[in-house]
Amino acid sequence: MSVRFGPAGRLRGQLRPPPDKSISHRAALLAAMHGEPVRVRNYLDAADTNATLAALTALGVIIQSHPDELLVRGPGLRGAAQPLSTIDVGNSGTLIRLLPGWLGAQDGLRFTLDGDASIRRRPIDRIAAPLALMGAHVDATEGRFAPFTISGARLRGVEYELPVASAQVKSCVLIAGLAADGTTTVIEPLPTRDHTERMLRRAGAAVRHQGPRISVDCVDELSLESIDVPGDLSSAAFVITAAVLVRGSRLVVQDVGVNRTRTGYLEILRRMGAIVEGELEPPAQGDAQESEEPVAELDVAYGPLIGTEVSPAEVPLAIDELPLVALAGCFAEGQTIVRGAGELRLKESDRIAAVVQSLRGLGGDIEEITDGFVVHGQADGLRGGTLDSGGDHRLAMLGAVAGLASREGVEVVGMGAAAVSYPGFADDVERLAA
Ligand code: S3P
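Parameters and conventions
Residues numbered from 1 in each chain as written. Predicted model: local features only at pLDDT ≥ 70, side-chain atom pairs only at ≥ 80, totals over all residues. Heavy atoms only, no water. Helix = DSSP H or I, 4+ residues; strand = E, 2+ residues; numbered from the N terminus. Rg over C-alpha atoms; globule rule 2.2 N^0.38 Å. Buried < 20%, exposed > 50% of the residue type's maximum accessible area, 1.4 Å probe, protein only. Contact = heavy atoms within 4.5 Å. Areas by Shrake-Rupley, 256 points an atom, 1.4 Å probe, with all protein chains shown as cover. Domains from an automatic or database assignment. Buried area = accessible area lost by both parts, 1.4 Å probe. Salt bridge = Lys/Arg side-chain N within 4 Å of Asp/Glu carboxyl O. 1 Å grid on protein atoms, 1.4 Å probe; cavity = no way out; pocket = protein on both sides within 12 Å on 5 of 7 lines; lining within 4 Å. Points joined across faces, edges and corners; volume = space filled by probe spheres on them. Nonpolar A, V, L, I, M, F, W, Y, C, P; charged D, E, K, R; others polar. Axes fitted to C-alpha atoms, helices over the stretch in contact; angles between N-to-C directions. Parallel < 35°, antiparallel > 145°, perpendicular 65-115°, else oblique. Left-handed = near helix turned anticlockwise from the far one by under 90°. Pairing = 2+ DSSP bridges. Core = buried A, V, L, I, M, F, W, Y, C linked by side-chain atoms within 4.5 Å. Near = heavy atom within 4 Å. Polar contact = N/O pair within 3.5 Å; in protein donor to acceptor, adjacent residues only side chain to side chain. Sits in = over half its atoms within 2 Å of the grid points. Phe/Tyr/Trp six-rings, centres within 6.5 Å; stacked < 30°, edge-to-face > 60°.

Observations concerning the overall build of the protein
- Looking only at helices and strands, the protein features 12 helices and 23 strands.
- Against the 2.2 N^0.38 benchmark of 22 Å for 434 residues, the protein shows a C-alpha radius of gyration of 21 Å, consistent with a compact globule.
- Once the C-alpha set of the protein is aligned to its principal axes, its extents read approximately 60 × 45 × 40 Å.
- For the protein, the residues scored as buried account for 59% of the 434 residues in total.
- Once local pairs closer than 6 in sequence are excluded, the contacts in the protein between residues at least 24 apart make up 76%.
- Carbon and sulfur atoms make up 49% of the accessible area of the protein, which amounts to about 15800 Å² in all.

Here is the structure:
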């Protein structure tokens, strides 16, 4: 599917972004790990999170869909059923990395997981290594790719230092730790999104955060009646960027999650001079032990930008928005540099190569470096042209926003990929630009 975007007149109005993808995956999975029914309100209806519901159903979880909520009846921490066939995660890296944390604790059962072509090039040795230390066995294609099988076992707690800053790997180990003997500790090289920790605290698990260490003890059961999913800042970020880049725009974003481990992009935009008003979650005082997800309203307006440098420590806090930093950099005065973002090469596509190639094709002055990119802003922004998403949802939406802000517009090939995280994206943009 190919769709043409822009150049747009100003964007005006209010946006209620789709429910958060990361939190939706966690809500469904942790609800399934409860022995009692859990209500999940505002669950994301998109390809990635629907893959999670299908996977859980194959594992014996009963999921009823009501107009505003899901009712999830799971078998508890150790009661997953043996599925009849391979579990298909579709395009979802979060599903393929988090679900094995639960599966590894299903003593005596064996599961096979696979996904689409993008999933088959994304490494899973990063979860196989800690799960093996805990006692589960993972047998992966070439030792590190899907399809792979995981054999559940009686797990033991470990202390595991993450080789890369990854919320997915951290979450996998903490989830496995719930059913592992003793205490499980993960040590993070840099802080990453902490939705799993917050949700587990709400479910009664004693998750302790001390410096770079996050620990959880074995529990008999989780206990939580309901989970509310806030709006997804990563999805909103595309529309926010359009409002920042298109002259005369003014946008109010409602009910969006502003967990401090997710707001890195807003801090970067503000540093570039963008007008983004709203109360973000303040920095933690000491070791934060939060259990709630903060929500805010943001007020965004068009304005001129200046280039900035994104440090490696900021990268995990803005990981999915870094393609948008590159786009904003094309419209900013001076240079914008992102370093320490080698992980971008392992996302739904190689997002360093894909972003650089795509924006160059639209007239941007941008170079690839091993772990990031360097952008030279141009006074007249981007010309426009054609951008192929290559099946990557965030690339598709990047192309659309580039089109709205460009001089000649952008034809996005593969726009259908947006359905992975934000099925209503094109409609929302059309409404705001009308
Ligand atoms: C996610 C964590 C991030 C992010 C991904 C979703 C999550 O990946 O890029 O889109 O839900 O935990 P890593 O932190 O594993 O790099």
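Thoughts on the domain arrangement of the protein
- By the assigned domains, the protein splits into domain 1 (2–19 + 230–433) and domain 2 (21–216).
- Just the C-alpha atoms count here: the centres of domain 1 and domain 2 sit 28 Å apart.
- If you look at the interface, domain 1 gives 36 residues, while domain 2 gives 33 residues.
- Roughly 2800 Å² is buried in total at the junction of domain 1 and domain 2, and carbon and sulfur atoms are behind 46% of that figure.
- Scanning the region where domain 1 abuts domain 2 turns up six salt bridges.
- Between D320 and R193 there is a salt bridge, with its nearest N and O atoms 3.3 Å apart.

With respect to the layout of surface pockets
- Of the voids in this model, the largest pocket is the one considered here, and its volume is about 510 Å³.
- In terms of lining, the largest pocket is formed by 35 residues, of which the most central are A167, R193, I319, D320 and K347.
- For the lining of the largest pocket, the secondary-structure elements that each account for two or more residues are α1 (21–32), α3 (93–103) and α5 (167–177).
- Taken together, the residues of the lining of the largest pocket sort by class into 10 nonpolar, 10 polar and 15 charged.

As for the packing of α3 against α5
- The geometry of α3 relative to α5 is characterised by a closest axis approach of 7 Å and an angle of 20° between their N-to-C directions. With respect to each other, α3 and α5 are oriented roughly parallel. Every pair of crossing elements has a handedness; the one defined by α3 and α5 is right-handed. Residues G93, T94, R97, L98, P100, G101 and W102 of α3 lie in contact with α5, whose contacting residues are Q168, S171, C172, I175 and A176.
- Across the contact of α3 with α5, the residue classes tally to six nonpolar, five polar and one charged.

Brief notes about the sheet that holds strand β22 (residues 385–388)
- Read across the sheet, three strands follow the order β1-β23-β22 without closing on themselves; strand pairing throughout is mixed. Bordering the open sheet on either side are β1 (2–5) and β22, each of which pairs with just one other strand. Averaged over all pairs of adjacent strands, the angle between their axes in this sheet comes to 20°, without regard to strand direction.
- Across four bridges, the pairing between β22 and strand β23 (residues 410–413) is parallel. Residue pairing in the sheet places G385 in a bridge with V410 of β23.
- Each of β1, β22 and β23 touches helix α11 (residues 393–405); the most contacted strand, β23, lies at about 170° to it.

Points about the nonpolar core
- Counting residues in each nonpolar core, the largest one holds 75 residues, and the members touching the most others are I240, L322, L327, L359 and F425.
- Here the element with the most residues in this core is helix α7 (residues 233–245); it accounts for 10 residues.
- In terms of nonpolar packing, the next biggest core, distinct from the first, is built from 71 residues, V38, A51, I87 and A205 among them.

Some remarks on the pattern of salt bridges
- Per the counting criterion, the structure on display carries 34 salt bridges.
- Ionic pairing is found between E348 and R122, a salt bridge with its closest N-O pair at 3.8 Å. On the criterion of sequence distance, the pair formed by E348 in the loop between β19 (335–338) and α10 (351–361) and R122 in the loop between β7 (110–114) and α4 (125–134) is long-range, its members being 226 residues apart. Grouping residues by exposure puts E348 and R122 together as buried.
- The partner of R262 in a salt bridge is D232, with the nearest N and O atoms 3.0 Å apart.

Description of the site of the ligand
- Neighbouring the ligand are the residues S22, R26, T94, S166, A167, Q168, R193, I319, D320 and K347.
- S166 has a polar side-chain atom sitting 2.6 Å from an oxygen atom of the ligand.
- For the ligand, whose unbound accessible area comes to 380 Å², protein coverage reaches 95%.
- Mapping the ligand onto the cavity grids shows that it belongs to the largest pocket.
- Of all elements in the fold, only α1 and α5 reach the threshold of two or more residues within the shell around the ligand.

Describing the environment of A203
- Mapped onto the secondary structure, A203 falls in the loop between α6 (195–202) and β12 (208–210).
- Separated by 21 residues in sequence, A203 and L224 place their C-alpha atoms 4.8 Å apart.
- Those residues in contact with A203, other than ones at most four positions away along the chain, are H34, L222, S223 and L224.

What about the packing of aromatic side chains?
- For the coordinates displayed, the defined rule picks out two aromatic pairs.
- Considering the side-chain rings of Y422 and F425, the 5.4 Å spacing of their centres and the 75° angle between planes classify their relative orientation as edge-to-face. Assigned by exposure class, Y422 and F425 land together as buried.
- Ring pairing ties together the aromatic residues F5, Y422 and F425, which thus form one cluster.

Overview of the sheet that holds β12
- The mixed open sheet is built from four strands, whose spatial order is β10-β11-β13-β12. Each of the sheet's edge strands pairs with one partner strand only, and the pair in question is β10 (159–161) and β12. Between one strand axis and the next, the sheet turns through 15° on average, direction left out of account.
- Judged from the three bridges that link them, β10 and strand β11 (residues 183–187) form a sheet pairing that is parallel. Opposite Y160, over in β11, you have V186 as the bridge partner.

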